[in-house]
Amino acid sequence: MINEHRLNTTTHSDFLNQERIDPITGEKIEEGHTIVICAACKSAFFIESWEYLGNEHCNQDETLSEIPIAKSL
């Protein structure tokens, strides 16, 4: 099952403030984009990039059901 997230500033401001880049397209991930998060490495992908990869990354096909919150170490 693919867990998709449609980004908006109200609920995903922490994630959007990280200014992540899709590793396939090189484009900045912004509000309004639909993304998935690789369950193994926590990389964020546009849904189209995930599909381009055959719906898998890190030799697995699981995606996170929730966007993780960044933690300071």
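Preceding this section is the structure that the text describes.
Attention here is on the structure that accompanies the text. (Residues numbered from 1 in each chain as written. Predicted model: local features only at pLDDT ≥ 70, side-chain atom pairs only at ≥ 80, totals over all residues. Heavy atoms only, no water.)

We now examine the overall build of the protein. Scanning the protein from N- to C-terminus turns up two helices and three strands. Helices (α) and strands (β) of the protein occur, in sequence order from the N terminus, as β-α-β-β-α. For 73 residues, the compact-globule estimate of 2.2 N^0.38 gives 11 Å, and the protein sits close to it at 11 Å. Within the protein, the fraction of its 73 residues that count as buried is 32%. For the protein, long-range pairs separated by at least 24 residues make up 43% of all intrachain contacts whose partners lie at least 6 apart in sequence. Accessible surface for the protein amounts to roughly 4,800 Å². Of this, 46% is attributable to carbon and sulfur atoms. The averaged location of the 13 negative side-chain charges in the protein is 8 Å from the averaged location of its 5 positive side-chain charges. (Helix = DSSP H or I, 4+ residues; strand = E, 2+ residues; numbered from the N terminus. Rg over C-alpha atoms; globule rule 2.2 N^0.38 Å. Buried < 20%, exposed > 50% of the residue type's maximum accessible area, 1.4 Å probe, protein only. Contact = heavy atoms within 4.5 Å. Areas by Shrake-Rupley, 256 points an atom, 1.4 Å probe, with all protein chains shown as cover. Lys, Arg positive; Asp, Glu negative; His and termini not counted. Charge placed at Lys NZ, Arg CZ, Asp CG, Glu CD.)

Another point: the environment of T34. With respect to the helices and strands, T34 occurs in strand β2 (residues 34–37). Along the backbone, T34 and I47 are 13 residues apart, and their C-alpha atoms lie at a distance of 5.9 Å. Every residue in contact with T34, bar those within four places of it in the chain, is listed here: E4, H5, R6, F45, F46 and I47.

Below, the discussion takes up unusual backbone geometry. With a phi angle near 60°, N55 is a residue other than glycine that sits in the positive phi range. With respect to the helices and strands, the residue N55 is situated in the segment after α2 (47–52). Non-glycine residue N59 carries a positive phi angle of around 60°. Position of N59 among the secondary structure elements: in the segment after α2.

With respect to the secondary-structure elements, T63 resides in the segment after α2. We classify T63 as buried; its relative accessible area is 6%. Only 2.8 Å separates the side chain of T63 from the backbone nitrogen of N3, close enough to count as a polar contact. (Polar contact = N/O pair within 3.5 Å; in protein donor to acceptor, adjacent residues only side chain to side chain.)

Right, let's get into the nonpolar core. Counting 10 residues, the largest nonpolar core is built from L7, F15, L16, I29, I35, I37, A44, F46, L64 and I67. Elements that contribute at least two residues to this core include exactly α1 (9–17), β2 and β3 (44–46). Excluding residues within four positions of it along the chain, I35 makes contact with N3, E4, H5, L7, F15, I29, A44, F45, F46, I47 and I67. Counting five residues, the second largest nonpolar core, distinct from the first, contains C38, F45, I47 and W50. (Core = buried A, V, L, I, M, F, W, Y, C linked by side-chain atoms within 4.5 Å.)

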